[in-house]
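Structure assessment
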Number of protein chains: 4
Amino acid sequence: MRCSVIGATGYSGAELARILLGHPYVSVKSLTTRQNNPESIRNYIPAIPKSSGARLEPFNFNRVSENSDVVFLALPHTAAAKLAGKFLRKGKLVIDISADFRLKHAADYKKWYGFKHPAPRLLKGAVYGLPEVYRDKIQNAKLIANPGCYPTGCLLALKPLIAEKLIDFSNIVVDAKSGASGAGRKLSEATQFCEVDENFGAYKVNRHQHTPEMEQELRHIARSAVKITFVPHLLPVLRGILTTVYAFKKKKVSKAQIFSSFHKAYGREPFVRVLEESSFPTLRHVQGTNFCDIGVEVDSATGRVIVISAIDNLIKGASGQAVQNMNICLGFPEDAGLTICP
Amino acid sequence: MRCSVIGATGYSGAELARILLGHPYVSVKSLTTRQNNPESIRNYIPAIPKSSGARLEPFNFNRVSENSDVVFLALPHTAAAKLAGKFLRKGKLVIDISADFRLKHAADYKKWYGFKHPAPRLLKGAVYGLPEVYRDKIQNAKLIANPGCYPTGCLLALKPLIAEKLIDFSNIVVDAKSGASGAGRKLSEATQFCEVDENFGAYKVNRHQHTPEMEQELRHIARSAVKITFVPHLLPVLRGILTTVYAFKKKKVSKAQIFSSFHKAYGREPFVRVLEESSFPTLRHVQGTNFCDIGVEVDSATGRVIVISAIDNLIKGASGQAVQNMNICLGFPEDAGLTICP
Amino acid sequence: MRCSVIGATGYSGAELARILLGHPYVSVKSLTTRQNNPESIRNYIPAIPKSSGARLEPFNFNRVSENSDVVFLALPHTAAAKLAGKFLRKGKLVIDISADFRLKHAADYKKWYGFKHPAPRLLKGAVYGLPEVYRDKIQNAKLIANPGCYPTGCLLALKPLIAEKLIDFSNIVVDAKSGASGAGRKLSEATQFCEVDENFGAYKVNRHQHTPEMEQELRHIARSAVKITFVPHLLPVLRGILTTVYAFKKKKVSKAQIFSSFHKAYGREPFVRVLEESSFPTLRHVQGTNFCDIGVEVDSATGRVIVISAIDNLIKGASGQAVQNMNICLGFPEDAGLTICP
Amino acid sequence: MRCSVIGATGYSGAELARILLGHPYVSVKSLTTRQNNPESIRNYIPAIPKSSGARLEPFNFNRVSENSDVVFLALPHTAAAKLAGKFLRKGKLVIDISADFRLKHAADYKKWYGFKHPAPRLLKGAVYGLPEVYRDKIQNAKLIANPGCYPTGCLLALKPLIAEKLIDFSNIVVDAKSGASGAGRKLSEATQFCEVDENFGAYKVNRHQHTPEMEQELRHIARSAVKITFVPHLLPVLRGILTTVYAFKKKKVSKAQIFSSFHKAYGREPFVRVLEESSFPTLRHVQGTNFCDIGVEVDSATGRVIVISAIDNLIKGASGQAVQNMNICLGFPEDAGLTICP
C-alpha cells in the first residue's frame, strides 16, 4: 500500500512520517509541507538513514491522489475538514489526526473550537479511531477520526469502569498532565523554554476543547450521559500525558470486580498494559512507544477509585494510533511498524 | 534575638539558614550538621557574601542552649521529637520543621510513619504553625510544629470553603504535584536525575503520610470530619507544589459566595494571593517566595469547584513558613526577612 | 536617589526592577514598557509584596526626566543609542544594559550588529562597566555601558592572566555555555521549549557579536592585541553562563604565579570568588547571585591553563552588574541591594 | 546467531538488550543481572512488546556458554576483564563495553583507573571497536573493546584532520559535554536530580580516565604523538554528548582541503553525517540513533579549525556501536538492527 502524510513537518506529522518510513507493509510517497522551499526532511526526522531518498514537497492534490492509497492528514483544524472530502471521493482511505471529524455534531465545533464546520455531512460517517472501542468499525472505515491525545488517555482509563457500570457517572474528575509537544510547533510565548522549564500549571481549566470529545465517547460507552470535570496541566517535559482519574465505585462493586474489568477489557489488547496492583505508570514507561499503561487503586472503605494512565502524546495519542488504525483497516498485523523490539 | 538551625545542610535546613542570615531582627548563632568535618557553608548556601563568618559546626546541645533563644529543628523524623523537650525545658522557643509534632495522636505516628513517638506528652501543647489558621495560638507558642509542604498547599486551598461550609465534605479530591527537592537530600534511586528528568508519575497513591495531617486540620477548620482522596505526583522541577483540588459546592451556594470566601479569608494575609477570576497560578509565580497563590473556578451548572494553589515547597512549604511563625511569635513584622523587594 | 528602568518587561529589565525595588538607597520611580495596556508588574516580578504600589507605565521622556536621577536603559539594540543622549543632556546618570555603547568604534556596530550607530559621538565618553577593570572610571561616569553576559564571564576569567602577561595572547579558546534567558523574551523557534529542552548545541560559531567586545577589552587589559576563538552554546537551563577558557602559559611562568595572579586580582573583590585548587564552579553556585566564581587548573608539564568561570547571566551578566555600577558611581556600598544574606 | 548480554540492567546494558531484541539476525538468549530476584525486564526496557518472553536471570557461566555465540559484557570495570578470557576460551565472540580492554598498556589501568589489570595478556589481541578506524580488524576480531563514549565523539571529530596531518598535533582542545546517563545507574549525590537539574559544570578537569584512550587512538591514527587538553562537563539532559574540538590548521592547508578530508573519510560511512558548511549538530539530531553528526568551521585568517560532533552516548557511544561491531564481525549488513526507518 502507498501512503502520504499531508503536513509532515508538525510534531505529529513528522512522527507519523518517521513511523511510516519504518513500516514493513507500506511505501511512503508524498510528505508535504506548506513551505515553498522545504528544508531537508532530516531536520524533522533526524533518525532517517543517510541512504533514504525521502524528501519534503509542497502539497499537490493531484499528485497525492495518484500516488497514494492512504492519506494521513496532519493539518491544523478546519484545513483537514476542507480536504478530506476530496480524497474520499477519489476512494482514498483518509486518516485525520486533527479534531475535524471527532465530534458528531457540527454545532460543537462552533462552541468549542470557534469555527463553522466546513463539511458537516462527513461527520456521521467518520469512525472514531480508538481501536480498543471501535476496532470493528475501523476495519471498514473510509474516514478515520484519530482521537485527541487527552481523550485517548482518559477514555482508556475509564472504559472498563464505564462499560461495566461500576462507578457513579455523575462525579468523575480527570486531572491530566501533558508534555509540551502537545501544543504543536506553532510559536507562542506560552511554549517558550523560559516559560515552561521548571514551571507547572493548569490551563483552559474546565474549558478545554477535548472535553466534549471525552464526554461524547464516554456516553457512547455508557449508553447514557457521563459528566466529567477535566483540568489539563502543562508539564516541563517533551512527551507524554499522565492522566489521574478519580471516581466513586457503586456500593456493591468489589475491588476484585474493578481489577477484573480492566483485565477483561485489555488482556488481549496489544497496546494497553494493566499494571499489577499497587503499581502505577510513569511517563518513562511509555515514551517512544504506542503503549497505554494503566494502574488502578481502589479504596474499599470509602469507595474511591483512582485510575492512572500514561501514554506518549505523539504516539498512542496521535501518530502511533493513526498507524494502528491503518493496520486494522488494511488487515495488517495490528502492531506492524509499531514495535521497537519485534 | 539569637537563633540556631539544627540540621542546616538538608535542603530545608539550608534554606532556613539562608533566610535567617538575611533576617533584620535575628542573629544566627549555630548552624549544625551531623558531619564530623563539615564542608563549607558556601556549598549549601552559595549566595552567602564573601565576608560572612557563618560556618557549619557539629551539634552540641550545651553550646546551642547557651547561644540561642530560638531553636529551629530541621532533622529527620524522630530525631526532632527526641530533642525538642530538652530545648523546651531550657525555655527556648522550638520551631520544628519535621513532622514530629504535627499530629495530635501518637498512634497516628505508628500507623503512618511507622515509629513509636518518643515524646507523646509534647504533642498536645504543640501549635500547628499555619498562620492563616492559628495565628493567635502561634503568638503564645513554645513549640511550633511547622506544617508539611503538601498540607500547606492543600489547607490554604480549602480553608475558606471548609470554614464557611460551602462544599460537600465527603467528596474532595486533592491532586498534588511536587518538585524533587521535597524528597530531601537523602540518596535514592527514585530521585536520581535519569529517573526524574523528562518523567512524571504518582507515588504513595492514597497512602501518603501527609494525609492524616490534612484530614486532622481540615476537621479542625470544619468542626466535623472531612475525608479527602490525596494523590501526590513527582514533577521534574527543583521547587514548587501545585495542588489542584476538586470539590462540589452545596446546592444553594453561589459563585459569588465562593469567591467572596477567599477574599475574606485572605484579603489581609501578607502571603496568600487570590488571583482574579479565570487566572490560575503557576509554580513560576511563587518560586523563591513565601507566597501561596490561589486560583478558583466555579462551574455553576454542575456545582463543581476547582481550587488551584501554588507554593514553593522549601519556603511557604517549610523554611519561609517557619520564619513567618517565628516573626509572629516574637512580635516582629510578619514578613521580616521574607521579602525580596521590601 | 530616584531611578527608573526603561524597558522593565524584558528578562533583564524585570530582574533590574526587582533588584532596585529591594535596594536600600534608591527609590524606584518609573518602570516602563512599550505595551499600551501594560499587564501587572506581578507577572514580571512575582516576588513583589502584595502591598507594593509599583506598576508598569508607557514610556514618557518628560516624566522620567523629572522623576529620576538615574536612568537604566534595558532596550533592544539601537533604541538605547537613540535615547541615551537625551537623558545625558538632562544631567541624568545613564546605565545602558544593551550593547549600544560597549564598542569604541562605530564601524564595529555596522560589522557585527548590522546597523549604523545613531550616536557615534557618545561612544568615546561611555565607560565600560566592568568594575573589576574600570572601577575608577565608573566612579565618575555619566554614561555606563554595562558589559555583555558572555564578555563578563570571559573577561573575569582572563583578566589576571592577561594583565600580568602570563599566557600566550595568540592562542586562547573561549568555550561558553549559556542558559536560555540570555536570548531574551522575544519569540523565536530556536527558544521554544521543544527545541531547547534535552538539547544542546553551538550557535553563531566563531561569529557571535560579543567577540569584538571581548577582544577590545582584552586588548585594553593587555595593552596589545589579543585574539580569541569564541564558541557559544545554548544550555537547557534558565540561567547561568559557564565559560571554559583554554590558554597556554608562557614557559617561565609557574603554577604558583598563576594562582597568585587570581588571588591578587580578586582577593578584595566583593563579587568574584576564586575557588581553591582542584575546585571548579557550577552554575548552581552563582544562580540568583551577583557572584562570578572562578576555578583554575594548570598543567605544568604541557603548559596548558584552564580557567572556568560561572555567572548568572541576568545578574552579574546584566542587571546585578548594572546595580553594582550604580553603587560605585553614586558612592553607595558596592554590594547594596545585591546581597541576599547581608 | 545466538547472543547474550551480561549485565543487562545498567543503562548501556538495557539499551543493548533493547537493540538486540529488535535485531533481525540474532536471537537473544540470556539477559543477566546481579540481582537475586530480578525485577521484570519491562522496568528496564519499557518498549518491549506485551508478548515478549524475554526476562532477566542471574548470571550463570555454563548456561551462557551453552546458549550463546556472542557475549556482550556490560559490566563494571575489572569485572569484564575477569570474565572475558573464560568466554574466549569457549570460542565465543566477546564484545566488551567497559573500558577493560581499550588501553594497550596494563600500566595505564593502574594510573588512570586505579586497579591492577586482571588479564593483561588479553590486551594485545583486543581490537578497538571504532568501525570508522578499525573496520578491517573488527571483521576478524575475537575480543572487541567497544570505545568509550567521549573517545567516540572526539576521535570521529579529529580523525580526518589527524590522518591527513592537516593540523598541529600539539595544541588540541577537546571540550565535551555529556548527558547524565553517561554516569550509569549507580547511586551518587552528584547525579541526584536536585544536583544536576538547571545546573552545569566541568568535572575531572584535565584528569578524566578517557584521556589516555583518546591519546592512544589519536597516536595510532597520526603515527606520532598527539597531546590533547580534555575537559568533560555534565549536562542536565538524559542522553547525548556534544564535543567541541579546537585546533590549528597547518599554514598551507586550505579550507577546501579540510572539508574534503571529512567528506573523504565519512562519505560512505553509514553512521557518520558531515553537515554542510555553517551547519552544526545538536544533540536532538542524534538522540535515539547510532549517528555521529559533525560540523566544521575554518577561520582561514587565523588558522583556527573548530569541529563539533554529536552522538547519543548510549548508542553510538556504547550499545549501538557494540551492535555495529557485531554486525561487521559476523558479516551482517552494518546497519542491521540500527535503523529506525529502514
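Residues numbered from 1 in each chain as written. Chains lettered and ligands numbered in written order. Predicted model: local features only at pLDDT ≥ 70, side-chain atom pairs only at ≥ 80, totals over all residues. Heavy atoms only, no water.

**Overview of unusual backbone geometry**
A positive phi is found at Thr78(B), a non-glycine position, where the angle reads about 75°. With respect to the secondary-structure elements, Thr78(B) resides in the loop between β4 (70–73) and α3 (79–89). (Helix = DSSP H or I, 4+ residues; strand = E, 2+ residues; numbered from the N terminus.)

**Side note on the relation of the copies chain B and chain A**
By a simple turn and slide, chain B fits onto chain A: the slide is 0.0 Å along the axis, the RMSD is 0.0 Å, and the turn is 180°. The symmetry that links the two subunits is that of a two-fold axis. (Least-squares fit on C-alpha atoms with pLDDT ≥ 70 in both.)

**Considering the interface of chain B and chain A**
With 46 residues of chain B at the contact, the number on the chain A side is 46 residues. Of the roughly 3500 Å² buried where chain B meets chain A, counting both sides, 52% is carbon and sulfur surface. A per-residue breakdown of the area chain B buries against chain A is headed by Glu198(B), Phe200(B) and Arg304(B), which together make up 18% of the total. Our count for the chain B to chain A interface comes out at four salt bridges. Glu297(A) serves as the salt-bridge partner of Arg207(B), at 2.9 Å between the closest nitrogen and oxygen. Our count for the chain B to chain A interface comes out at 34 residue pairs in polar contact (both at pLDDT 80 or more). Residue assignment for the side of chain B that touches chain A shows that the elements contributing at least two residues are β8 (172–178), α7 (193–196), β9 (201–202), β10 (228–234), β11 (241–248), β13 (292–299) and β14 (304–311) of chain B. Among the elements that line the side of chain B that touches chain A, the one with the most residues is β8(B), at five residues. Residue composition of the side of chain B that touches chain A, grouped by class: 22 nonpolar, 12 polar and 12 charged. (Contact = heavy atoms within 4.5 Å. Buried area = accessible area lost by both parts, 1.4 Å probe. Salt bridge = Lys/Arg side-chain N within 4 Å of Asp/Glu carboxyl O. Polar contact = N/O pair within 3.5 Å; in protein donor to acceptor, adjacent residues only side chain to side chain. Nonpolar A, V, L, I, M, F, W, Y, C, P; charged D, E, K, R; others polar.)

**A word on the environment of Thr229(C)**
With respect to the helices, strands and loops of the structure, Thr229(C) is situated in strand β10 (residues 228–234). On the basis of relative accessible area, Thr229(C) is assigned to the buried category, the value being 1%. When the C-alpha positions of Thr229(C) and Val245(C) are compared, they lie 9.8 Å apart, and in sequence the two are 16 residues distant. With near-sequence residues (within four places) excluded, Thr229(C) lies in contact with Ile172(C), Val173(C), Val174(C), Asn206(C), Tyr246(D), Arg304(D) and Ile306(D). (Buried < 20%, exposed > 50% of the residue type's maximum accessible area, 1.4 Å probe, protein only.)

**Quick look at the sheet that holds strand β13 (residues 292–299) of chain C**
Residues and elements named next belong to chain C. The strand order across the open sheet formed by seven strands is β9-β10-β8-β11-β14-β13-β12, and the pairing between neighbours is mixed. Since the sheet does not close on itself, it has two edges, and those belong to β9 (201–202) and β12 (272–274), each with one partner. Where β13 lies against strand β14 (residues 304–311), eight bridges are found, and the strand directions are antiparallel. Its bridge partner being in β14, Asp299 is matched across the sheet by Arg304. On the sheet, helix α6 (residues 149–163) packs against β8 (172–178), β10, β11 (241–248), β12, β13 and β14 and is oriented at approximately 140° with respect to β14. (Pairing = 2+ DSSP bridges. Axes fitted to C-alpha atoms, helices over the stretch in contact; angles between N-to-C directions.)

**Details of the relation of the copies chain D and chain A**
Least-squares fitting of chain D to chain A yields an RMSD of 0.0 Å, with the superposition described by an axial translation of 0.0 Å and a rotation of 180°. Comparing interface residues between copies, 100% of those in chain D also sit at the interface in chain A, which points to an isologous, same-surface contact.

**Topic: the interface of chain D and chain A**
At the junction of the two partners, chain D supplies 28 residues and chain A supplies 28 residues. Taking both partners together, chain D and chain A bury about 2200 Å²; carbon and sulfur atoms supply 59% of that area. Among the residues of chain D in contact with chain A, Pro46(D), Lys50(D) and Cys341(D) are the three that bury the most area, contributing 29% of the side total. Viewed at the interface, chain A and chain D are joined by zero salt bridges.

**Description of the packing of aromatic side chains**
If you walk through the whole model with that rule in mind, you get 44 aromatic pairs over all chains. Ring geometry for Phe59(B) versus Phe87(B): centroids 6.3 Å apart, planes at 65°, classification edge-to-face. Of the two residues, Phe59(B) is situated in the loop between β3 (56–58) and α2 (61–67) and Phe87(B) in helix α3; the sequence distance between them amounts to 28 residues. Ring pairs connect the aromatic residues Phe59(A), Phe61(A) and Phe87(A), which therefore count as one cluster. The ring of Phe169(D) carries Lys250(D) above its face, with NZ or CZ at 5.5 Å from the centroid. (Phe/Tyr/Trp six-rings, centres within 6.5 Å; stacked < 30°, edge-to-face > 60°. Lys NZ or Arg CZ within 6 Å of the ring centre and 35° of its normal.)

**Some remarks on the side chain of Gln216(A)**
Residues and elements named next belong to chain A. Positionally, Gln216 belongs in helix α8 (residues 211–222). Side-chain polar atoms of Gln216 contact the backbone nitrogen of Lys104, separated by 2.9 Å. Aside from chain neighbours lying at most four places away, what touches Gln216 is Arg102, Leu103 and Lys104.

**Structural notes on the packing of helix α5 (residues 131–139) of chain C against helix α10 (residues 319–330) of chain C**
Residues and elements named next belong to chain C. Running from N to C, α5 and α10 cross one another at 40°; their axes reach a closest spacing of 9 Å. Between α5 and α10, the interaxial angle falls into the category oblique. For the pair α5 and α10, the sense of crossing is right-handed. Every residue of α10 that contacts α5 at Pro131, Glu132, Arg135, Ile138 and Gln139 is listed here: Gln321, Gln324, Asn325, Ile328 and Cys329. Along the lines of polarity and charge, the residues of the contact of α5 with α10 split into four nonpolar, four polar and two charged. (Parallel < 35°, antiparallel > 145°, perpendicular 65-115°, else oblique. Left-handed = near helix turned anticlockwise from the far one by under 90°.)

**Some points on empty space enclosed by the protein**
Across all of its chains, the model carries seven cavities of 30 Å³ or more by this definition. Considering the residues around the largest cavity, the lining is formed by Asp197(A), Glu198(A), Pro236(A), Asp197(B), Glu198(B), Pro236(B), Asp197(C), Glu198(C), Pro236(C), Asp197(D), Glu198(D) and Pro236(D). Partitioning the lining of the largest cavity into residue classes produces four nonpolar, no polar and eight charged. Along its surface, the second largest cavity is lined by Asn171(C), Val173(C), Tyr246(C), Ala247(C), Phe248(C), Arg304(C), Asn171(D), Val173(D), Thr229(D), Tyr246(D), Ala247(D) and Phe248(D). Among the elements of the structure, β11 of chain C together with β11 (241–248) of chain D are those that each provide at least two residues to the lining of the second largest cavity. (1 Å grid on protein atoms, 1.4 Å probe; cavity = no way out; pocket = protein on both sides within 12 Å on 5 of 7 lines; lining within 4 Å. Points joined across faces, edges and corners; volume = space filled by probe spheres on them.)

**Structural notes on a positive patch on the surface**
Residues and elements named next belong to chain A. On the surface, Lys104, Lys137, Lys165, Arg223 and Lys250 cluster together into a positively charged patch. Among the structural elements, Lys250 can be located in the loop between β11 (241–248) and α9 (255–266). Classification of Lys250 by relative accessible area gives partly exposed; the value is 37%. (Patch = residues over 30% accessible without salt bridge, like charges linked within 9 Å, V, L, I, M, F, W, Y side chains within 5 Å. Areas by Shrake-Rupley, 256 points an atom, 1.4 Å probe, with all protein chains shown as cover. Lys, Arg positive; Asp, Glu negative; His and termini not counted. Charge placed at Lys NZ, Arg CZ, Asp CG, Glu CD.)

**Some words on the domain arrangement of chain A**
All names here are of chain A. You can read the domains of chain A as domain 1 (2–146 + 318–330) and domain 2 (150–311). Interface area, domain 1 with domain 2, both sides summed: about 2000 Å², of which 53% is carbon and sulfur. When the buried area of domain 1 at its contact with domain 2 is split by residue, Tyr11, Trp112 and Glu132 rank highest and sum to 33% of it. Counting every contact that joins domain 1 to domain 2 gives three salt bridges. Between Glu269 and Arg135 there is a salt bridge, with its nearest N and O atoms 2.6 Å apart. One can count 13 residue pairs in polar contact (both at pLDDT 80 or more) joining domain 1 with domain 2. Secondary structure elements with two or more residues in the side of domain 1 that touches domain 2: α1 (11–21), α4 (106–113), α5 (131–139) and α10 (315–330). Top contributing element to the side of domain 1 that touches domain 2 by residue count: α5, with four residues. (Domains from an automatic or database assignment.)

**Observations regarding the pattern of salt bridges**
Inspection of every chain in the model, using the stated rule, returns 72 salt bridges over all chains. Residue Glu215(C) is joined to Lys227(C) by a salt bridge in which the shortest nitrogen-to-oxygen separation is 3.5 Å. One end of the pair, Glu215(C), is in helix α8 (residues 211–222); the other, Lys227(C), is in the loop between α8 and β10, with 12 residues separating them in the sequence. On the basis of relative accessibility, which here comes to 31%, the residue Lys227(C) falls in the partly exposed class. Through salt bridges with shared partners, a single ionic network connects Glu15(A), Arg18(A), Arg239(A) and Asp312(A).

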